[in-house]
Amino acid sequence: MGRFRRGTLSALLGALIGTILSATAFSVMAMLDGTRPTEAMAFGVVAGIIGGFFGLAIGFAVGVGNLGLIGGAIAGLLAAFAAVGFYVLVFGRAGQYGYFLRESVVVVLFLGLPAVLTGALTAAVMNRAGRAAGG
C-alpha cells in the first residue's frame, strides 16, 4: 500500500476512532460531574467533532509514518500537547500565559486519553490490516 493511501485510510480511521472516544469520554465525564444526560450527550457531540479533527491528524501521522502501537500513542500525546499550546496562545495574553497553562488541564483531561488511545488503536488496526494484506 502506498504511503499516501495508507495515510489517507489511517486518517479516516483515526477520525472515526477519535470522534467516538472523545464523545464518549466527554459525555461520561460530564454525567459524572452531575450534568443532565441529554445535555452531556449534546456537548459530547461537539467534543466528538473536535476529537475527530484531532483523530484525523493523529491517524494521518500514524499512516504516513507507519507508526507502531507506541508511536501512535506518542503521536496522540503530542496532539494533546499541541492542543494545550494552541489554547494558551489563542486565549492567553501577555503576563497571563501561566494562568491559561494551569487552566489547560481541562483540555488535557478531555483530550489526553482519547488522543493517546486514538493513536494506539489506529496504529494497531493499520498494522494488522497491513499484515493481513501481506505488506
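Reading guide: rules and limits
- Residues numbered from 1 in each chain as written.
- Predicted model: local features only at pLDDT ≥ 70, side-chain atom pairs only at ≥ 80, totals over all residues.
- Heavy atoms only, no water.
- Helix = DSSP H or I, 4+ residues; strand = E, 2+ residues; numbered from the N terminus.
- Salt bridge = Lys/Arg side-chain N within 4 Å of Asp/Glu carboxyl O.
- Buried < 20%, exposed > 50% of the residue type's maximum accessible area, 1.4 Å probe, protein only.
- Axes fitted to C-alpha atoms, helices over the stretch in contact; angles between N-to-C directions.
- Parallel < 35°, antiparallel > 145°, perpendicular 65-115°, else oblique.
- Left-handed = near helix turned anticlockwise from the far one by under 90°.
- Contact = heavy atoms within 4.5 Å.
- Nonpolar A, V, L, I, M, F, W, Y, C, P; charged D, E, K, R; others polar.

Undergrad: How would you summarise the environment of Phe 4 if you had to cite specific residues and measurements?
TA: Residue placement: Phe 4 occurs in helix 1 (residues 3-32). It is 6.8 Å that separates the C-alpha atoms of Phe 4 and Val 64, two residues lying 60 residues apart in sequence.

Undergrad: Pulling in residues and values, what's your account of the pattern of salt bridges?
TA: The final tally for this structure, using the stated rule, is one salt bridge. A salt bridge links Glu 39 to Arg 36, with the nearest nitrogen and oxygen atoms 3.8 Å apart. Among the residues examined, Glu 39 registers a relative accessible area of 31% and is labelled partly exposed.

Undergrad: An account of the packing of helix 2 (residues 37-65) against helix 3 (residues 69-91) is needed here, citing residue identities and associated values.
TA: Where helix 2 contacts helix 3, the two axes come as close as 9 Å, and the packing angle between them is 140°. In terms of their interaxial angle, helix 2 and helix 3 are classed as oblique. For the pair helix 2 and helix 3, the crossing hand works out as right-handed. Counting all contacts with helix 2, which are made through Phe 54, Ile 58 and Val 62, the residues of helix 3 involved are Gly 72, Ala 75, Gly 76, Ala 79 and Ala 83. Along the lines of polarity and charge, the residues of the contact of helix 2 with helix 3 split into six nonpolar, two polar and no charged.

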